[in-house]
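# Chain and residue survey
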Amino acid sequence: MTGTAEKPAEEVAELEAQEARLVLPRFTYEDAWTLGTILAGLARERRAPVAIDVRRGAQQLFHCALPGSSADNDAWIDRKRRVVERYGASSFLVGARFRAKGTTFEASSRLDPDRFAAHGGSFPITVEGAGVIGSVTVSGLPQAEDHALVVLGLERLLSSYGAAAG
């Protein structure tokens with residue numbers, strides 16, 4: 001994922017494919033903990049100065065702030081998460097869809113930019129048969145890297161379900 005370096009339509013298609021692929025069979029409190037610790041482990045390995053947030057509905061199930069992060073990252077988490085809650089799609093995808101239309105989220109969404117940010121890093125938690133039930137968000141890196149970290153964490157969580165069943 002190269003983010004804005006790709007042609008907007010290709011970027012949108014790639015992001016939509018990620019969301020279609022990263023559908024979970026379930027999402028329990030234990031799964032939230034597992035996802036959060038996967039992301040924290042990946043961030044620690046990279047010495048990434050991020051904050052991580054995992055929610056089911058309005059309930060925060062996991063939060064972690066690593067060295068180098070700040071309260072500003074928590075504000076970014078809230079802004080990106082609100083985009084996922086409103087649009088039911090990743091914050092990066094929402095921004096890409098506006099770019100594909102030749103505009104920006106800030107210019108065309110009519111939403112308060114102090115409350116909503118269509119920047120990469122927040123991803124819907126989608127469960128088979130239930131749809132979007134929550135969000136997972138990372139803040140502290142450039143937006144394409146925040147997004148890629150979340151995608152990797154969800155891929156690892158999804159593969160852990162298969163390993164547990166086998």
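Residue numbers restart at each chain and count upward from 1, following the sequence in its written direction. Residues qualify for local features only when their pLDDT is at least 70, as the model is predicted, and side-chain atom pairs are given and counted only at 80 or more; totals for whole chains, interfaces and linings, by contrast, use all residues. Only heavy atoms go into the side-chain values, all of them from the structure, while hydrogens and water stay out.

### Topic: the pattern of salt bridges
Here is the rule we go by: What makes a salt bridge here is a side-chain nitrogen of Lys or Arg within 4 Å of a carboxyl oxygen of Asp or Glu, nothing more. By definition, any uninterrupted DSSP run of H or I lasting at least four residues is a helix, any uninterrupted run of E lasting at least two residues is a strand, and each is numbered from the N terminus. Under the scheme applied here, a residue whose accessible area is under 20% of the maximum for its type counts as buried, over 50% as exposed, and between as partly exposed, the area being computed with a 1.4 Å probe on protein chains only.
In the structure shown here, the tally under the stated rule is 8 salt bridges. For the salt bridge of Arg97 with Glu16, the shortest nitrogen-to-oxygen distance reads 2.9 Å. Taken as a pair, Arg97 in helix H4 (residues 91–100) and Glu16 in helix H1 (residues 8–21) lie far apart in primary sequence, 81 residues in all. Judged by its relative accessible area of 32%, Arg97 falls in the partly exposed class. The shortest N-O distance in the salt bridge between Arg55 and Asp53 comes to 2.9 Å. Classification of Arg55 as buried rests on a relative accessible area of 13%. It is possible to trace a salt-bridge network through shared partners that takes in Asp78, Arg81 and Glu85.

### Concerning the environment of Glu155
Put simply, the test is: Contacts described as polar in this section are N or O atom pairs within 3.5 Å, which, within protein, must combine one atom able to donate a hydrogen with one able to accept it, while residues neighboring in sequence count only if both atoms come from side chains.
Mapped onto the elements, Glu155 comes out in helix H6 (residues 143–165). A residue is classified by how much of its surface remains accessible, and Glu155, at 30% relative accessible area, is partly exposed. When the C-alpha positions of Glu155 and Ser91 are compared, they lie 18 Å apart, and in sequence the two are 64 residues distant. A polar contact of 2.9 Å, which involves the side chain of Glu155, links it to the side chain of Arg21.

### Some details on the pairing of strand E4 (residues 122–127)
Side-chain positions along a regular strand alternate between the two faces of the sheet. Spelled out, the test is: Whether two strands pair depends on DSSP finding at least two bridges between them.
In terms of burial, E4 is largely enclosed, as 6 of its 6 residues are buried. Where strand E1 (residues 23–24) and E4 come together, 2 bridges link them in parallel fashion. Its bridge partner lying in E4, Leu24 is registered against Val127. With 6 bridges joining them, E4 and strand E5 (residues 131–139) adopt antiparallel strand pairing. From the neighbouring strand, Ser122 faces E5, where its bridge partner is Thr137. The antiparallel pairing of E4 with E5 creates a hairpin that spans 3 residues between the two strands, and Gly129 there sits at a positive phi of about 80°.

### A word on H4
One turn of an α-helix holds 3.6 residues; hence residues three or four places apart share an orientation. Within H4, 7 of the 10 residues are buried, leaving the element largely enclosed by the surrounding structure. Looking at H4, one finds that the buried residues are Ser91, Phe92, Leu93, Val94, Gly95, Ala96 and Phe98. The positive-phi residue at the C-terminal boundary of H4 is Gly102, with phi of around 80°.

### As for unusual backbone geometry
A positive phi is found at Arg47, a non-glycine position, where the angle reads about 55°. Looking at where Arg47 falls in the secondary structure, it is placed in the loop between helix H2 (29–46) and strand E2 (51–56). Arg47 sits in the exposed class, given a relative accessible area of 77%. At Arg110, a position not held by glycine, the phi torsion is positive, near 65°. Within the fold, Arg110 resides in the loop between helix H5 (105–108) and E4.

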